[in-house]
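# Inside the fold
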Amino acid sequence: MKAWIAGALSVSLAAGSALGAAPAPEPVDATLRTSAGKEVRLSKWRGKPVILFYEDKDSTKLNSTLKKELFARGQERGILDAAWVLAVANLQNFDFFPARQIALSFVRDEEKKVGVPILVDMDGTMGKAPWKLPVKTSNVVLLDEKGALVYQHSGRMKPDELTAFFAVLSRLVGVDLNAPAPEEPTP
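The following paragraphs examine the structure supplied in this document. Since this is a predicted model, take the numbers as computed values, not measurements.

Let's shift gears to the overall build of the chain. Scanning the chain from terminus to terminus reveals 4 helices and 7 strands. In sequence order, the chain lays out its α and β elements as α-β-β-β-α-β-α-β-β-β-α. Restricting to contacts in the chain with at least 6 residues of sequence separation, those with at least 24 account for 66%. As displayed, the chain offers around 11,400 Å² of accessible surface, 60% of which is attributable to carbon and sulfur atoms.

A few words now on the packing of aromatic side chains. One pass over the full model with this rule turns up 2 aromatic pairs. Between the aromatic rings of Tyr151 and Phe165, the centroid separation amounts to 5.6 Å while the plane-to-plane angle is 70°, which identifies the pairing as edge-to-face. Here Tyr151, found in strand S7 (residues 149–154), pairs with Phe165, found in helix H4 (residues 159–173); they are 14 residues apart in sequence, far enough to count as distant. The exposure class of Tyr151 is buried, given its relative accessible area of 12%. Ring centres of Phe165 and Phe166 lie 5.1 Å apart, and the angle between their planes is 80°; on these two criteria the pair is classed as edge-to-face. As far as burial versus exposure is concerned, Phe165 and Phe166 are alike and both buried. Clustering of aromatic rings is evident, with ring pairs tying together Tyr151, Phe165 and Phe166. The ring of Phe166 carries Arg73 above its face, with NZ or CZ at 3.9 Å from the centroid.

Our next topic: the environment of Phe94. One can find Phe94 in the loop between strand S4 (84–90) and helix H3 (99–114). Separated by 28 residues in the primary sequence, Phe94 and Met122 have C-alpha atoms spaced 7.5 Å apart. Every residue in contact with Phe94, bar those within four places of it in the chain, is listed here: Lys57, Ala99, Arg100, Ala103 and Met122.

Moving on: the pairing of S7. Summarising the sheet, strand S6 (residues 139–143) and S7 pair through 5 bridges and their orientation is antiparallel. Paired with Asn139 across the strands is Ser154, a residue of S7.

Unfilled space is identified by rolling a water-sized probe across the atoms. Within this model, the largest pocket holds a volume of roughly 1,200 Å³. The wall of the largest pocket is formed by 42 residues, among which Phe53, Lys67, Ala87, Val114 and Val116 lie closest to the centre. For the lining of the largest pocket, the secondary-structure elements that each account for two or more residues are strand S3 (50–55), helix H2 (64–77), S4, H3 and H4. Residue composition of the lining of the largest pocket, grouped by class: 28 nonpolar, 5 polar and 9 charged.

Definitions and limits used
Residues numbered from 1 in each chain as written. Predicted model: local features only at pLDDT ≥ 70, side-chain atom pairs only at ≥ 80, totals over all residues. Heavy atoms only, no water. Helix = DSSP H or I, 4+ residues; strand = E, 2+ residues; numbered from the N terminus. Contact = heavy atoms within 4.5 Å. Areas by Shrake-Rupley, 256 points an atom, 1.4 Å probe, with all protein chains shown as cover. Phe/Tyr/Trp six-rings, centres within 6.5 Å; stacked < 30°, edge-to-face > 60°. Buried < 20%, exposed > 50% of the residue type's maximum accessible area, 1.4 Å probe, protein only. Lys NZ or Arg CZ within 6 Å of the ring centre and 35° of its normal. Pairing = 2+ DSSP bridges. 1 Å grid on protein atoms, 1.4 Å probe; cavity = no way out; pocket = protein on both sides within 12 Å on 5 of 7 lines; lining within 4 Å. Points joined across faces, edges and corners; volume = space filled by probe spheres on them. Nonpolar A, V, L, I, M, F, W, Y, C, P; charged D, E, K, R; others polar.

See the structure below:
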């Protein structure tokens, strides 16, 4: 059975390569809101890769290891400005008075703490096509500089998934983020 699956996979891969390379992914976009209520399109952040976290209130700590590693590796290599980091808060369950204002106030406070823009999704935009992200977990998405989705993960990342994420991000920023950081020269 394993041999049959491997053979079928080989034939499928060979047929795919005979037909030519897969088409380049198309840019994706969405209209969301800032915590102040202003509409904004994700395409505003094109020109650099985008690391996007889409999370509901109960999932913000699921990928805290990734968030810490992302900052540490970027800082060690001096490339914190090589990509945009955006957070999108899923506030669909809070789109009623007075919960909306309380949730937005909380998001504004978090923005000040983390120093990263936190956009809000009040109507489930990120759960719909073309995104189709699960709305009750932590989602990590990488977009290339043109806005094409090149990586997506939902849920808590395991160590091998962190390595895969950093491999894709390395290609986007042109720096190997899985290799040990260069040592500082001693004077």
